[in-house]
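Residue-level listing of the chains:
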Amino acid sequence: MAWDGNDDSAPLLEIRGLCVSGRSDRRWHEIVRNVDLVLRRGEVVGLIGESGAGKSTLGLAAMGYTKAGCRIDRGSIRFDGQELVGAPREVLRRLRGARIAYVAQSAAAAFNPAYRLISQYCEGPVRHGRTSRRQAEADAITLYREMRLPDPEEIGFRYPHQVSGGQLQRAMTAMAMSCRPDLIIFDEPTTALDVTTQIEVLAAIRAIVRDHRTAAIYITHDLAVVAQMADRIKVLLRGEEVEEADTRAMIAAPRKDYTKSLWAVRDFRRAPAPVPSLRGEVPLLALHGVSARYGTLPVLSDIDLTVRRGRTLAVVGESGSGKSTTARVIMGLLTPCRGTIDFDGQPLPPACRDRPRGLQRRMQMIHQMPDTALNPRHRIRDVIGRPLEFFLGLRGRAKERRIRELLDQIELEPDRFIDRLPAELSGGQKQRVCIARALAAEPDFIICDEVTSALDQLVAEGILRLLDRLQREMGLTYMFITHDLATVRSIADEVVVMLGGRIVEQGPKDDVLAPPHHRYTELLLSSVPEMDPDWLDRRLAARGGSAGR
Amino acid sequence: MTGWLARLREAPVSAWIGILLILAYAAVAIFAPLLAPFPETAIVGPQYHPWAAPHLLGTDALGRDVLSRLVWGARNTVGIALVTTMLAFLIGTIMGFLAATVGGRVDAVSSRAVDVLMAIPSLIFALLILTITGTSILALILVIAVLDSTRVFRLSRAVAQGIIPLDYIEVARMRGESLFWIIRREILPNAAAPLIAEFGLRFCFVFLFIAALSFLGLGLQPPTADWGSMVRESAKLIAFANFASWQTATFGLAPLLPAGAVALLTVAVNLVVDWILTVASGLKE
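A. Expanded view of the overall build of chain B. A count of helical and extended segments in chain B gives 13 helices and 0 strands. Each helix and strand of chain B, ordered N terminal to C terminal, gives the series α-α-α-α-α-α-α-α-α-α-α-α-α. Seen through its principal axes, chain B has C-alpha atoms that stretch 75 × 50 × 30 Å. Taking the intrachain contacts of chain B between residues at least 6 apart in sequence as the baseline, contacts between residues at least 24 apart amount to 67%.

Structure below.
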């Protein structure tokens, strides 16, 4: 391995007894409690934990920075011998961007949309007086090439919206490298990307960090990713350190229970559903030759799929493959230009406003982002109560009782949660409320549109278990849209693989996920990171061999 | 509602000043007949009486009591401005939300109509219409309300357009909720904060607009007391006042009294609006 760790000089970064607190509800809460972190030159340490564990706060503190509304209470942060806590602003300004750089989770939000990529690249080196603008531009092109961006000479002259998400994230990393810093903080740089894109970004980041012997703090909640990137892993829970160990040691034998529970998440497999062998059974939902377009842009062509009663159909594919559009067509939010949809043997009116109320009740959808799926001004009581009132005509006492039953079903204590606003819930709790809202209509069929992708793994697993239990208890039929193949493995009966608005492969899960694969399915499957630290190397070697690169 | 009462206790001093001032104005407007020492339009003394009992703020060119006219003016000016602003908001938000929610042709037609109305300078347009219709209070309210609703329309349409793509609107649509329900329960609560802020601002503009129209002679007609026309009637006194002694100086201060009343209410309304906005948008201190 490239990381020898033989560098015995003084550590590059030394954080001792750090406590950071943030202010909310007129009180100070501790976000990071008494954490130590030591980083030598050229070393990569991974920080993992669920949201709210203080990963990002700790990462930012390594730059001597805290978010607005936060403060460093105690502890010391020494960077290359220089104390950053309480250091004058001028000292920090000279370090930031020049010797310590930061790569944010969403490159799309971190770039200024009004400037070309290369202008933003040059800002750092020119500001810090390292090089002239011309030299910085030449340097940018070199780094773009190292990051394996297409058209390195040209791409810098585009605006952020003109390049893809994965390219933007690589341009962001190149920008962080512009002053050849000693330390880069990566804050979930691939979380927002598809698996097929993620692998390229991971490979590029790792190569550039190694080649320049840059130390890095790599923040993520994806264990398989951190296994590829980090020399050492530190696990955080509610602002405190759980344990720290070398990557291989940690993966082979985690010591603490919490770490073990993180590791075990990926093992969730639901009990296989008995295969109904009814030959003449009418499928609950069937799409026949459905095509759809946004304006003149075709987004779906010739989709044929069937969903059988009581089963789970998983629809996989990368973003832009038409998964969510299929869901919108089924729900009647987008009228197809060709094809028909049958629900329970009856043709379904294409627009949702033309569907009778009974039909609207029987089909429900759960959205990807619980934050935008719940009206921030409605209390939980109203969120769940409305479909009860609207579809089933429940009022007063009966409605109240049913709301409480539903809250019990989604494992949220009625007395504590019924009067809360969505802002007073965590991401997982919000998603549970969305599930309860769908259940309130007493549907037969639920579309789950990436319901776990905005959540941490532990929380996501809880949601999957809940959905599985509800399916078994109530005989629900699911269509599960996801780009996460681990989710498919754990819950699907049948799988549909989509690419560019078409179905490329479909069938029972075991057939689709077992070889031989369609080429695209193969690519998707091979891009899912595994917990093995050598996975990325093997994958790149295999691809390099087959693609002749 | 209980939430708002609890927050009222934590309101900053500036908000309290604003609330107290508005309550004082409201009390004056409501209890005008009890508070005013003299009738609104009657000639009760000599012309240009200095500030001394029984006419504490003097008398005007016709010998009417200035204090009484200020008190009655609160009722007329504030009352009409309030009714006009509420009407403007009723028209503007309903049309704006409809345009954003329904979209398509409804949006195109109403937006172009608003563009046309906004293309004409509103003061000139109001003068034109009021010259045609005559200067009744009803005409005044309707004309200003329609003109001001165009601004409200633009704001509410833009705010609603930001809310409509969110998933919870989609959920309501998939449930088959009516247009009215979606507007009232899903959009309105989330659009309230910017609309309330706009209400405060709009109220002040309407208020000044009526004062300006009165000043030009097309607003409230004499002998009705209102602050705008009071400023107009006494504006020229500044030039004639003798500032050598306090007694004679008060005479020149006459136009500043109604102008000050307008200014103070404007400030008070905005202090309260600032606070409501902070609370409603959940901004931290």
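B. Representation of the overall build of chain A in the model. Regarding its fold elements, chain A presents 23 helices and 20 strands. Relative to a compact globule of 549 residues, whose C-alpha radius of gyration would be 24 Å, chain A shows 25 Å and is just as compact. For the C-alpha atoms alone, the extent of chain A along its principal axes is close to 75 × 55 × 45 Å. Put simply, chain A has 549 residues, and 44% of those count as buried. Look at the contacts in chain A between residues 6 or more apart in sequence, and 68% of them connect residues 24 or more apart.

C. Quick peek at the sheet that holds strand β7 (residues 183-187) of chain A. All names here are of chain A. Read from one edge of the open sheet, 6 strands run β6-β7-β8-β3-β9-β10, paired in mixed fashion. A single partner strand is all that each edge strand has here, and the edge strands are β6 (100-103) and β10 (240-246). Going across the sheet, the axis of each strand differs from the next one's by a mean of 15°, ignoring polarity. Examined bridge by bridge, β6 and β7 share 4 bridges and lie parallel to one another. Looking at β7, one finds that V103 is bridged to F186.

D. Focus on the sheet that holds strand β14 (residues 338-343) of chain A. Residues and elements named next belong to chain A. The antiparallel open sheet is built from 4 strands, whose spatial order is β12-β11-β14-β15. The sheet is open, and its two edges are formed by β12 (297-307) and β15 (346-347), each paired on a single side. Where strand β11 (residues 285-294) lies against β12, 7 bridges are found, and the strand directions are antiparallel. Bridging across to β12, V290 finds its partner in I303. Sheet strands in contact with helix α12 (residues 323-331) are β11, β12 and β14, and its direction is about 70° off that of β12.

E. Highlighting the nonpolar core. In this structure, V315, A436, I447, C448 and F480 of chain A together with I144 and I210 of chain B are the most contacted members of the largest nonpolar core, which totals 138 residues. For this core, the element with the most residues is helix α4 (residues 66-102) of chain B, which contributes 15 residues. Sequence-distant contacts of I210 of chain B, that is, excluding residues within four places in its chain, are made with T77, I80, A81, I144, G219 and G228 of chain B. Counting residues in hydrophobic clusters, the runner-up holds 77 residues, among them A62, M172, V225 and M229 of chain A.

F. Highlighting the interface of chain B and chain A. Counting residues at the interface gives 13 residues for chain B and 18 residues for chain A. Among the secondary structure elements, those contributing two or more residues to the side of chain B that touches chain A are α8 (167-175) and α9 (179-216) of chain B. Of the residues assigned to the side of chain B that touches chain A, the class counts are 5 nonpolar, 2 polar and 6 charged.

G. Just the packing of helix α2 (residues 13-30) of chain B against α4 of chain B, in detail. Residue and element names in this part refer to chain B. α4 packs onto α2 with a crossing angle of 105° between their chain directions and a minimal axis gap of 7 Å. Judged by the angle between their axes, α2 and α4 are roughly perpendicular. Residues Y25, V28 and A29 of α2 lie in contact with α4, whose contacting residues are V71, A74, R75, V78 and G79.

H. Looking closely at the pairing of strand β17 (residues 445-449) of chain A. Residue and element names in this part refer to chain A. In terms of burial, β17 is largely enclosed, as 4 of its 5 residues are buried. Sheet analysis places strand β16 (residues 363-366) next to β17, joined by 4 bridges and oriented parallel. If you follow M365 over to β17, its bridge partner there is I447. As defined by bridge partners, β17 adjoins strand β18 (residues 477-482) across 5 bridges and the pair is classed as parallel. Across the sheet, the residue bridging to I446 is Y478, located in β18.

I. Structural detail: unusual backbone geometry. Residues and elements named next belong to chain A. Of note in this structure, N34 is not a glycine but carries a positive phi near 55°. Examined against the element boundaries, N34 turns out to sit in strand β2 (residues 27-39). The backbone phi angle of D344 is positive, close to 55°, even though this residue is not glycine. Here D344 shows up in the loop between β14 and β15.

J. Representation of the confidence of the model for chain B within the structure. Averaged over all residues, the pLDDT of chain B is 84; the fraction at 70 or higher stands at 95%. Both scores are given for the predicted complex: the pTM is 0.78, the ipTM 0.75.

K. Representation of the environment of R180 of chain A within the structure. All names here are of chain A. Assignment of secondary structure puts R180 in the loop between α7 (165-176) and β7. What makes R180 partly exposed here is the crowd of 15 C-beta atoms within 10 Å. For the pair R180 and R213, spaced 33 residues apart in sequence, the C-alpha separation works out to 9.7 Å.

L. Local environment of the pairing of β18 of chain A. All names here are of chain A. By the criterion of burial, β18 is predominantly enclosed, with 6 of the 6 residues buried. Side chains of β18 alternate between two faces, with T477, M479 and I481 and Y478, F480 and T482 buried alike. Pairing analysis gives 5 bridges linking strand β13 (residues 312-316) to β18, with the strands arranged parallel. Note on β18: the bridge partner recorded for T312 is Y478. Considered for its hand, the β-α-β crossover made up of β17, helix α19 (residues 457-474) and β18 is right-handed.

M. Fine view of the packing of helix α8 (residues 195-211) of chain A against helix α22 (residues 519-527) of chain A. Residue and element names in this part refer to chain A. Close contact between α8 and α22 brings their axes to 8 Å; oriented N to C, the two are set at 55°. As judged from the angle between their axes, α8 and α22 are oblique. The two elements α8 and α22 meet at a crossing, and its hand is left-handed. Each of V195, T196, Q198 and I199 in α8 lies in contact with α22, whose residues at this interface are L523, L524 and S527. When grouped by side-chain class, the residues that make up the contact of α8 with α22 number 4 nonpolar, 3 polar and no charged.

N. Inspection of α7 of chain A at higher detail. All names here are of chain A. With 12 residues, α7 extends 17 Å between its outermost C-alpha atoms, agreeing within 8% with the 16 Å of an ideal straight helix rising 1.5 Å per residue. Of all 12 residues in α7, 11 are buried; the element is thus mostly enclosed. Residues of α7 that are buried include every one of G166, Q167, L168, Q169, R170, A171, M172, T173, A174, M175 and A176, and no others. Elements in contact with the buried residues of α7: β6, α3 (107-110), α4 (117-127), α5 (133-146), β7 and α8.

Definitions and limits used
Residues numbered from 1 in each chain as written. Chains lettered and ligands numbered in written order. Predicted model: local features only at pLDDT ≥ 70, side-chain atom pairs only at ≥ 80, totals over all residues. Helix = DSSP H or I, 4+ residues; strand = E, 2+ residues; numbered from the N terminus. Contact = placed C-beta atoms within 7 Å. Rg over C-alpha atoms; globule rule 2.2 N^0.38 Å. Buried ≥ 20, exposed ≤ 12 C-beta atoms within 10 Å, placed from the backbone. Pairing = 2+ DSSP bridges. Axes fitted to C-alpha atoms, helices over the stretch in contact; angles between N-to-C directions. Core = buried A, V, L, I, M, F, W, Y, C linked by C-beta atoms within 7 Å. Nonpolar A, V, L, I, M, F, W, Y, C, P; charged D, E, K, R; others polar. Parallel < 35°, antiparallel > 145°, perpendicular 65-115°, else oblique. pLDDT = per-residue confidence, 0-100. Right-handed = clockwise from strand over helix to strand, strands pointing away. Left-handed = near helix turned anticlockwise from the far one by under 90°. Expected span 1.5 Å × (residues − 1).

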